Every structure is written in C-alpha cells, then in structure tokens.
Amino acid sequence: MDIAIIVGLDVVSGIASLVLISAGLAVIFGMMKIINLAHGEFLMLGAYATVLSVSAGVNIWVAMLVIAPVFVGLVGVIVERCLIRFLYGRLVDTMLATWGLSLMIVGGTTMIFGNTIVGVASPLGGFTVGAYQSSLYTPFLALMAILLMTSVWAVMRYTRVGLIARAVMQNPDMAATLGVNPTRVYMATFGAGAAMSGLAGGLLAPVAGVVPTMGAAYIAKAFITVVGGGTSILWGLITASGLFGFINQIAAFLTTPVFGEVILFIAAVGLIRMLPTGISGRFFKGRL
Amino acid sequence: MTLTRRKFIRSTAAGGIAFAAPALIGSVARAQDGPIKLGSLHDLAGPLAATGEPMVYAIMLAVDELNAAGGLLGREVELINYDTQSNIQLYSQYAQQLAVRDKVDVIHGGITSASREAIRPIFDRFKTLYFYNTLYEGGVCDRNTFNTGTTPAQTVEKLVPYAMNLWGKKAYIIAADYNYGQITAKWMKKYVQDNGGEALAIDFFPLDVTNFGPSISRIQAAKPDLLLSAMVGGNHTAFYRQWAAAGLKGEIPIASTTFGLVNEPATLEDSESVGVLGSYGYFEELTTPASTAFVKAIKDKHGAQTPYVSELAAASYEGVHLWAQAVKMAGTTERMAVIEALETGLTFEGPSGKVVIDTKTHHVTRNTFLAEVESRKWKVLETFEQQAPLDTSAVCDLVANPNDTTQYEIDI
C-alpha cells in the first residue's frame, strides 16, 4: 500500500514536470506556430538565474518564482524583437534561427560560467509514508503545475488580454482590422512563453544538475508532449503530459529506466500515428 | 605586389640557401625538421566538457614542461588538440584526421569507453600510438594502446569490501547505460559476491535521464544496506540531489566509482554529499609535494573556474610524461621503438606517486586511494601502494600474443 502511494507520487511528479517543461513551448507553438528550438536553453537560463541569485544571497523562493521567469521573459522579448519577428510565417527558417540561437546561448553560458555543474539544494525536506520516503518538493512541483495551468486558463478566459490573444491566435488579419496590433501581441506572447520556460527552469534547478548543456535533456520530452497534445494549449498539454508522464513513470518503476524511456517514445510514436494532429486535434477541437 | 629586381634577387638567394641546407647537413637535420606532434582528442563542449577540460589542461602542462626543458630529442613538442564535443562521430572523424592528415607521433585522448572503442581500431589500422588516460572498466588488450587510468581491480576491489564492512551485505547497483557502466556494474556484483554479500538489483540509466523518482522508489522497495553507483555526467548528478531531497541520504549510504569526476562534491550541498565513499588513482586533495605543485600549476594558469582536478587529469599528465620518457629512451618517435621502450616497464613519479607500465597488459601499476566526502571535499582515508591491474592481467598477455586487440569482458 505504501509503495502504491509512493509510486502514485512519482507519477504525479512525472506529469507535473512534463507540464512545467512543456508549457512555454506549448504557448509559443500554439499561439504563434513557431517551433522554438532554443526552448531547452530558456529552461537552462532559468535554472542558472536561480542558482546564481541564490548564491548571491537571494531567498530561494524569490529566485525560483520571481527572478527566473522575469529574467528569461526579458530574454524572450529581446529574442523576439531581434530575431523572431523577421521570420513570422517561415516555419523552417524559425527552426534554423532558434537552433542557432540555442547554440549561441549554450556557448555564451559556457564562456561566462564554465562547464562545471552548479546547483542549489532542494528547499523542502522529505516525508515518510510507512516504510518509504519521498521529497516534499514533489507535491510542490505538482502544485506549481496546477497553479500555472489555472492561471493560463483564467487569463485566457476572463481577461481582455486573453481575449485579444485568442483573437490574434484565431485570425491575426481580422484582429488587426479591429484595431489590435498583432506585433505587440506576438511580442508579449513570446515573452510570456519564455517566462514560463524560465519558471520551469527555476523550479527544476534544485532537482537537476545545472550545466550549460542541460536543455538537451529536456527538449525532446517537451517536444513530444507538445506535438502529442496538439495545438490546444491547455487541454492538449494537460492530456499529453498526463498520458506520457503516467506511461514513463510506471514503465520506469516496473522495468528499468532504459525501458521507461523506450516505452515512452513508442507510445508517443503510436499516438501521433493514430492522431496526427495530437490529442487536442481530435478531442478538444477549438478549445483553449 | 610588384616584383622588383632587388626583391627577386633576395628571394632567390634565400631559396637557394634553403635548398642547399639539407644537402649540407644531411641526415642530422632530419631530427630537427619540425616539431614532434602530440595529438589530443577530448570533449571541451557538451555534457562531458567538465571532464575533458582538466584533462586537456594537464596535457598542456606536461607539454609546456617538456618544451621548457628543451623539448624532446632537441625538437619542440607541438600539441594538436581537437574538441570532440561529446560526440562519438567527431571522435572517429578527428581520429582519422590526426592519424592521416596531421600525421601525429602519438595520441592521448578518449574519455568515455564508447569513445575509446570508436577510435582504438582507427589507430590500430593507421599504426599510430595511442594513450587512453581514463579510469575504465578494464580488459583492453592491445599492443598499440597504453591505458594509464585505474581499472576495477585497483579501485572497486578496495571500495566494495570497505563499504560492506561499514554498512552491510545487501547492495543495490546503479550505473550509466553504456559499456563503462555495464561492465563496471558486473565488477561491482562480483566483488559484492566475493565478499559474501548479495547484489539485489542492477539498474542502468541512459545519460539523458533527469527524473529519478521511480528508480528511487524501486531502490527503497528493495531495502538495500548500501548503494553502489557508477553514474556518469551532468544529468546524473541530479540523482544525488533527488536522493537527498527524498530524505534518503542518511538512510542508505552510497559508494561510487564515478562520484567526483565532474565536480560533484563542490557542486552538491554538504548535506547531499557528505559520507559518500569513492576510490580513485588520484585526488586533488592529496598533500604530497608533487600533487600540490601539479594542482597549483593548473589552477594558476586556468583560474578559479577550473573543474576538479581528478584522476583523469593526473593520469593524462603522467601518460604524456611516460610517453616522453619512452621517446627519449628510444631516441626516436618511431612507433615500434617507442612501444618497445615503454614495454621495458618505464616508471614516472607523478602527482599520484610512482606509476609503472605493466609490460604484459600495457596498463599501469599505480597507487590508489580511498576517500570520503566531508565538507564538500574529499578526505583521503586510505592509500593502497602500487596496485597492479590484476583484472586485465588475468586475461591479457601481450608478450605471448602481441597481435591481440580484444577488449576482454568479465563474465558473471
């Protein structure tokens, strides 16, 4: 029984981390149809911002929840202004440009901070379930994932900003004739997506090895989650994270970590074969 | 550029002298023509960069020392380093380039066992002398290859009984999922069984795994007395983080054959790393004069950001010096002459102490150390003088079979 609770927590943590690492990518892909190959590096920048702020004496919660997203959000805005805005509507070109950007960010970070691993200790302790132990950080990550999803939903559903964003997403030309400036919306969206990636990076910093190349370990999973979920930001992300997180963690527990990854990727291939437009392309069409 | 009469005369005159010179000095000049080339293949970008960086620094230091002492055989030693970017394909490409285009006299390099097995056949084929200076799973038996790092019989064999004495008989083994981890895990299992213990399970992790939650639950469910780890690289550092975050740090102790190779003690918090046991052929914290001078020379040159100076750096430094001694002894850089000189059982006093080439296996007999992490540094607990590579010498005899090129694997 105890082990069931612990494994259940592992599954929750797997789902939560997928939601967190994919949210920024999903927003940018879902709203702007841009494939951001520098997504992993945005996560890495968030993690670095957290680690460096903590070692400069900032409270870890402020570092993770405020500094990381704000910093990476600003980076996102700069990237959008200097690079992405020239490439709207050119899918392959944006992939190439953001891939180049990712190499630049990795190279720059390596030059400044070196190739050593940095990190911060996890701020919450552990807790006991019968004979087993787990980290309090796991439920915290789940809580953050829920909060993030709820706030995205609330902003999109109930605010004017969300309304404009949805309008531009559906039909940018029509929105423009109604007096909305799509350029500004795109800039804000890219910044918001980057900020979410920064937040995820900050939250992962205490449970990851923070190195300039760490983005590579997350980007594949973020991509299959977003592609598996389809274009609906919220429902696609939640269902795909739920499915893949569950499969991955259960498979890793029952077999080995190697097969956990293999089974996850097989499941992803199968899913995309059956639902080429992703889960939300079939079941949540037109929903947020 | 216009060619004036004066320039024409000057250049042809200089050319004439240059043409005449070889004829005048004859064969003596041949030793003087150009530097001796030392090729190096190490990862300076990608996940293994933190491991490769100090190795290259150590090789640069050794080459600088050789040149400061007047070079080798009166010729300068030139280092040609290629950054393999943690990419096996680049290893194969640059290995061919070093052997065929640059025509280097020796190559030092390779970090993971996967990279070594990619380039070793290339150097065999192109008959270029090769030094592999990394601790590894043992068993490489190749006359063209010299292995200066430690093997399981020199380290794991000390680590496992020490840890089992302290903590108990039931071990859980976790390792990186490629040839190093796979074979090292077998050695761990063997030594656990040899000491009357039981290996409850062996789990392998691909290098890009970042979430260790399910594995940590599996380990708890198995209830081991201790954990033996051969995890590799930056992503795997997260295991120790998540282990400590789950509150298991004090519950199940860890002994490792790789912990510390990418700076883990300094990176992790004190509470996450304290008490971890490790065994290597060198620790930065060794206080012998040779060791402190070695560490100081590297850190003075490359600054505070230098990653931990581990066994890999010390063995690289010792590898270059062993090769240099062999060249001096042979009086030439010709491959077979240098190999034969190395096979006389050359000795070098390096930062780790005395290092002796083992003629039969082309491995080294060297000091190994057992240490424990304390306040984010290693505290050396025991020194084992002059350990022979017994695992490899049990299966490999290059004197009897000089044409062998196999890597022998342990069978359990």
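Reference entry: report on the structure contained in this document. Just so it is clear, the model here is predicted, and its values are computed rather than measured.

## Digging into the packing of helix H2 (residues 39–55) of chain A against helix H9 (residues 215–229) of chain A
The angle between the axes and the distance between the axes are what describe a pair of packed helices. Residue and element names in this part refer to chain A. Interaxial distance between H2 and H9 falls to 8 Å at its minimum, and their mutual angle equals 130°. The angle between the axes of H2 and H9 places the two elements in the oblique class. The hand of the H2/H9 crossing is right-handed. Facing His39, Gly40, Glu41, Leu43 and Met44 of H2, the residues of H9 in contact are Gly215, Ala216, Tyr218, Ile219 and Ala222. Here the residues of the contact of H2 with H9 are counted per class, giving 6 nonpolar, 3 polar and 1 charged.

## Some remarks on the interface of chain B and chain A
Across the boundary between the two partners, chain B contributes 42 residues, which contact 40 residues of chain A. Its residues assigned to classes, the side of chain B that touches chain A comprises 17 nonpolar, 16 polar and 9 charged.

## What about the nonpolar core?
All names here are of chain A. Core analysis: the largest hydrophobic core is formed by 215 residues, its most contacted members being Leu20, Ala47 and Val210. It is helix H1 (residues 2–32) that provides the largest number of residues to this core, a total of 18 residues. Aside from chain neighbours lying at most four places away, what touches Ala47 is Gly201, Gly202, Leu204, Ala205, Ala208, Val210 and Met214.

## Thoughts on the sheet that holds strand S5 (residues 145–147) of chain B
Residues and elements named next belong to chain B. On the basis of which strands lie adjacent, the open sheet formed by 5 strands has the order S2-S1-S3-S4-S5 and parallel pairing. The open sheet has two free edges, formed respectively by strand S2 (77–83) and S5, since each of these has just one partner strand. Looking at each pair of strands side by side, their axes are set apart by 20° on average, direction ignored. Inspection of the sheet shows strand S4 (residues 129–132) paired to S5 by 3 bridges, in the parallel sense.

## Points about the pairing of strand S7 (residues 198–205) of chain B
All names here are of chain B. As paired elements, strand S6 (residues 170–176) and S7 share 7 bridges and run parallel to each other. Along S7, the bridge assignment pairs Ala176 with Phe205. For the crossover from S6 across helix H7 (residues 179–194) to S7, the handedness is right-handed.

## Brief notes about unusual backbone geometry
Residues and elements named next belong to chain B. Phi at Leu73 is positive, roughly 50°, even though this residue is not glycine. For Lys127, which is not glycine, the phi dihedral falls at a positive 50°. Within the secondary structure, Lys127 is located in the loop between helix H5 (113–125) and S4.

The rules behind these values
Residues numbered from 1 in each chain as written. Chains lettered and ligands numbered in written order. Predicted model: local features only at pLDDT ≥ 70, side-chain atom pairs only at ≥ 80, totals over all residues. Axes fitted to C-alpha atoms, helices over the stretch in contact; angles between N-to-C directions. Helix = DSSP H or I, 4+ residues; strand = E, 2+ residues; numbered from the N terminus. Parallel < 35°, antiparallel > 145°, perpendicular 65-115°, else oblique. Left-handed = near helix turned anticlockwise from the far one by under 90°. Contact = placed C-beta atoms within 7 Å. Nonpolar A, V, L, I, M, F, W, Y, C, P; charged D, E, K, R; others polar. Core = buried A, V, L, I, M, F, W, Y, C linked by C-beta atoms within 7 Å. Buried ≥ 20, exposed ≤ 12 C-beta atoms within 10 Å, placed from the backbone. Pairing = 2+ DSSP bridges. Right-handed = clockwise from strand over helix to strand, strands pointing away.

Distances and angles like these do not, on their own, reveal function.
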